[in-house]
Structure formats: structure tokens, C-alpha cells
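If you want the building blocks of each chain, they are given just below.
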Amino acid sequence: MMLETAQKIPVTVLTGYLGAGKTTLLNRILSENHGKKYAVIVNEFGEIGIDNDLIIGADEEVFEMNNGCVCCTVRGDLVRILDGLMKRKGKFDAIIVETTGLADPAPVAQTFFVDEDVQKNARLDAVVTVADAKWLSDRLKDAPEAKNQIAFADVIVLNKTDLVTKAELAEVEARIRGINPYAKLHRTERCRVALADVLERGAFDLDRILEIEPNFLEDGDDHDHHHDRGHDHDHHDHAHSHGGLKHYHDEDMQSLSLRSDKPLDVTKFMPWLQQLVANEGQKILRSKGILAFAGDNDRYVFQGVHMMLEGDHQRAWKDGEPRQSRLVFIGRDLPEQLIRDGFQNCIAA
């Protein structure tokens, strides 16, 4: 089973608000000699402004780049383009799908869970969000899409950091963490980030995500919440200090992490998870987990986007590796107690 997962082509969904720097990042992928072959699917060729010097021969939808990458435009259906890509000889190391600046990345990410052929050949590797350090705080107030893009991300490229002061940077990072504490964050100028840091991340490498799990998630309630006294009177952000660090809790976006050192009962867990996403999926933007089932020597990993889930046995538990189950949910108005209680009931007797 594991072999199949390993052989699937990793897909990166690249999202970010207009002007944040996605184009810069894409042009780098399409022109640098990184020795890899990428297929880049862009939503609207015109909007994205790919450097025309890069394009060699163009039939209607697929453009060959001079570093061996290919670029396609989504004029039609994403699934149809993916099917076409899968048939191309010489294949490629990875696929990158760019979403339009205003878009919610969910439907694009869901494509990799829905279509059978696509699912056989490709797996969602990571959602990468490019954000503008200078304007993100404003966008988070006036644009729900911007907040979705942050909540959705596995990797955040916080760009244009040269245009803000240290204090402003700390502030925007605190806001990002209030929405999504788990994403890997890279601070950049002109999107100068090692491509290995944004592509082929292995979103299932939850071990890494959960190592950095902030303690303030565990018990935000023992601390004094006070309204952030700033010039934003929208009263959406509570901030509180921990040893001088300011933490925001975004009121309508939460993240929830669960863990158990005892094995889970697969006959209880699977139905519970499916039921949960069926009932509450609209509220759950992302879910992911590493699971240790009773009587199973392999780690099971899953990830979800809204109501859609995919999962597989990943590999055997290593000798001496703690067999812990860990889950993360990020969403709006999550029914936290319901989720915690439900999870408790899945622990094997």
C-alpha cells in the first residue's frame, strides 16, 4: 500500500492574495535550473503574467519551458488537464497548481480527493500560501479569502518583509499564528525561498508540524484575555501576553489538536471521523492526523479538506518510536468539546 502513495506525483497548491508575490515565485520555478521537472497549472495565463521569454513552443494549453518544466493554463476543467498531463511521456517530478488571487483553495485541493484517476496518480502534497507582510493585516480584516488562505496553508511564504518594521513583522506573524499555528513559515524578500522549502514538503510529515506545536494552544484560558488596544476597533482579536510574546486568538478561526498515547480502535475511529466531517465539514477547513490503531503495526495517516478525506497506511512504526496518535483540525467555530469527547470514545479499551 505504501508503495502506491510513494509513487504518486506530489501536487503543490499555490495560493495567495493578488500582488503578494505568487508570480515571482512561479517565474522562478519555471526558469531556474533546479534539475527537476515541474508541471505548472495556472488559472489564467493573462492574470499571472508568466515571463514570455520562458515559453518555447505553445500548443493551445501546454507550454514547454526552457528548463524542461511545462506550463498549462486552466481554461477547461482541472481534471481534464491533469488527465492530459498524466499521459505526457517523460512525466515530471511534481505538479504545481496556482489558484487565482481571490480564490478559496478548497475546491482545487479537493480535486485530488475526488477524481479516481487523479487520485491514483497524484497526491496533495502541500498548500503553499504567499502572503504580503505589509498588507496582510488589513486583508485579514476585510477579505475572508485571505483568512481562508492562511488557515489552509501547510507552508506560508511571508513575502515583502523588507517593507515592514520589525515590530510590524512580529505583529503580522502573531496574527498568522492566531489563525494557523501549524504552518511552516518562511520570511522572504522577492519570494527568495529555497524551492525545496515550498515544493515536495510531504504534508504528511506531521511529525514536523506537531513538534512546533505552540503551548498556548493547550490552555489559552488561564491567561488574561484583553482586547488588543490598537486602532482596529473591530474587536475580533483577543491578544494576551506570554513572557512578552503577544498571541492572538482569532475569534472565528480555531485550531484544535488532539493526542493519545493509547492505541485507537479502528472500528470506532473511522466511523467517528467520517461522521464528524459529514456533519461539521463545512466548518472544518483542514484536518490531518497520524494514527496508531490497536493491533496494527503500521502508522496510518490521513488528511482532509472540508468533507473530503484521504488516508493510507504510511509505514511501519519504528522500534522505539512512541506510538502516539495526533490529530489537527483547523476551521471556523469548531465544536471543540464534541470533537474532544468523540475522540476519547475512539481509544481502544
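Calculation notes
Residues numbered from 1 in each chain as written. Predicted model: local features only at pLDDT ≥ 70, side-chain atom pairs only at ≥ 80, totals over all residues. Heavy atoms only, no water. Buried < 20%, exposed > 50% of the residue type's maximum accessible area, 1.4 Å probe, protein only. Helix = DSSP H or I, 4+ residues; strand = E, 2+ residues; numbered from the N terminus. Pairing = 2+ DSSP bridges. Core = buried A, V, L, I, M, F, W, Y, C linked by side-chain atoms within 4.5 Å. Contact = heavy atoms within 4.5 Å. Phe/Tyr/Trp six-rings, centres within 6.5 Å; stacked < 30°, edge-to-face > 60°. Lys NZ or Arg CZ within 6 Å of the ring centre and 35° of its normal. Salt bridge = Lys/Arg side-chain N within 4 Å of Asp/Glu carboxyl O. Polar contact = N/O pair within 3.5 Å; in protein donor to acceptor, adjacent residues only side chain to side chain. Axes fitted to C-alpha atoms, helices over the stretch in contact; angles between N-to-C directions. pLDDT = per-residue confidence, 0-100.

Novice: Quick one: what's the story with the pairing of strand β17 (residues 325–332), residue by residue and with numbers?
Specialist: Across the 8 residues of β17, 7 count as buried, placing the element largely inside the fold. Relative to β17, strand β13 (residues 253–260) is paired through 8 bridges, and the arrangement is antiparallel. Following the sheet pairing, Gln-254 is matched in β17 by Gly-331. Bridge count between strand β14 (residues 284–291) and β17: 6 bridges; the pairing is antiparallel.

Novice: Describe the nonpolar core, listing the residues and the values that go with them.
Specialist: One finds Ile-41, Leu-85, Ile-95, Val-97, Phe-112 and Ile-150 to be the most contacted residues of the largest nonpolar core, which totals 51 residues. Ranked by residue count, the leading element in this core is helix α4 (residues 78–87), at 6 residues. Beyond its immediate sequence surroundings of up to four residues, Phe-112 is in contact with Val-11, Leu-82, Val-97, Val-118, Gln-119, Ala-122, Leu-124 and Glu-310. In terms of nonpolar packing, the next biggest core, distinct from the first, is built from 21 residues, Leu-14, Ala-94, Val-128 and Val-157 among them.

Novice: An account of the packing of aromatic side chains is needed here, citing residue identities and associated values.
Specialist: If you walk through the whole model with that rule in mind, you get 5 aromatic pairs. Ring centres of Trp-272 and Phe-343 lie 6.3 Å apart, and the angle between their planes is 50 degrees; on these two criteria the pair is classed as tilted. Placement of Trp-272 in helix α12 (residues 266–280) and of Phe-343 in helix α13 (residues 336–344) is noted, with a sequence separation of 71 residues between them. By relative accessible area, Phe-343 is classed as buried at 1%. Connected via pairs of aromatic rings, a cluster forms that spans Phe-269, Trp-272, Phe-293, Tyr-300, Phe-302 and Phe-343. Seen from the ring of Trp-317, Arg-299 lies directly overhead, with NZ or CZ sitting 5.2 Å from the centre.

Novice: I'd like a description of helix α2 (residues 22–31), backed by residues and values.
Specialist: Of all the 10 residues making up α2, 7 are buried; the element is thus mostly covered by neighbouring parts of the structure. When α2 is considered as a whole, its buried residues turn out to be Lys-22, Leu-25, Leu-26, Asn-27, Arg-28, Ile-29 and Leu-30.

Novice: Describe in detail the pattern of salt bridges, supporting the description with residues and values.
Specialist: This structure, assessed with the given rule, holds 15 salt bridges. The salt bridge involving Arg-190 is made with Asp-162; its shortest N-O contact spans 4.0 Å. With a gap of 28 residues between them, Arg-190 in the loop between β9 (184–187) and α10 (195–198) and Asp-162 in the loop between β8 (155–159) and α9 (166–179) connect regions that are remote in the sequence. We classify Asp-162 as partly exposed; its relative accessible area is 36%.

Novice: Please provide a residue-by-residue account of the side chain of Thr-161, values included.
Specialist: Within the secondary structure, Thr-161 sits in the loop between β8 and α9. From its side chain, Thr-161 meets the backbone oxygen of Thr-188 in a polar contact 3.0 Å long. In this structure Thr-161 touches Ala-133, Leu-169, Arg-187, Thr-188 and Glu-189, once residues within four positions along its chain are discounted.

Novice: If you had to explain the sheet that holds strand β15 (residues 298–305) to someone new, which residues and values would you point to?
Specialist: Spatially, 5 strands are ordered β13-β17-β14-β15-β16 in an open sheet, and the strand pairing comes out antiparallel. The open sheet has two edge strands with one neighbour each: β13 and β16 (308–316). Going across the sheet, the axis of each strand differs from the next one's by a mean of 10 degrees, ignoring polarity. Bridge count between β14 and β15: 6 bridges; the pairing is antiparallel. Note that in β15 the partner of Ser-287 across the bridge is Gly-304. Across the sheet, helix α8 (residues 144–152) is in contact with β13, β14, β15 and β17; its angle to β14 comes to roughly 5 degrees.

Novice: Mind laying out the environment of Gly-295, listing which residues take part and the relevant values?
Specialist: As for its placement among the helices and strands, Gly-295 is situated in the loop between β14 and β15. Sequence separation between Gly-295 and Asp-265 is 30 residues, and the spatial gap between their C-alpha atoms is 8.9 Å.

Novice: Could you give me a rundown of the confidence of the model for the protein chain, with the residues and numbers involved?
Specialist: Across the protein chain, the average pLDDT comes to 77, with 73% of residues at or above 70. Low pLDDT, under 50, characterises residues 55–59; the stretch is placed with 11 contacts to residues that sit more than four places away or in other chains. Contacts from residues 213–245, a stretch scored under 50 in pLDDT, to residues over four places away or in other chains number 58 contacts.

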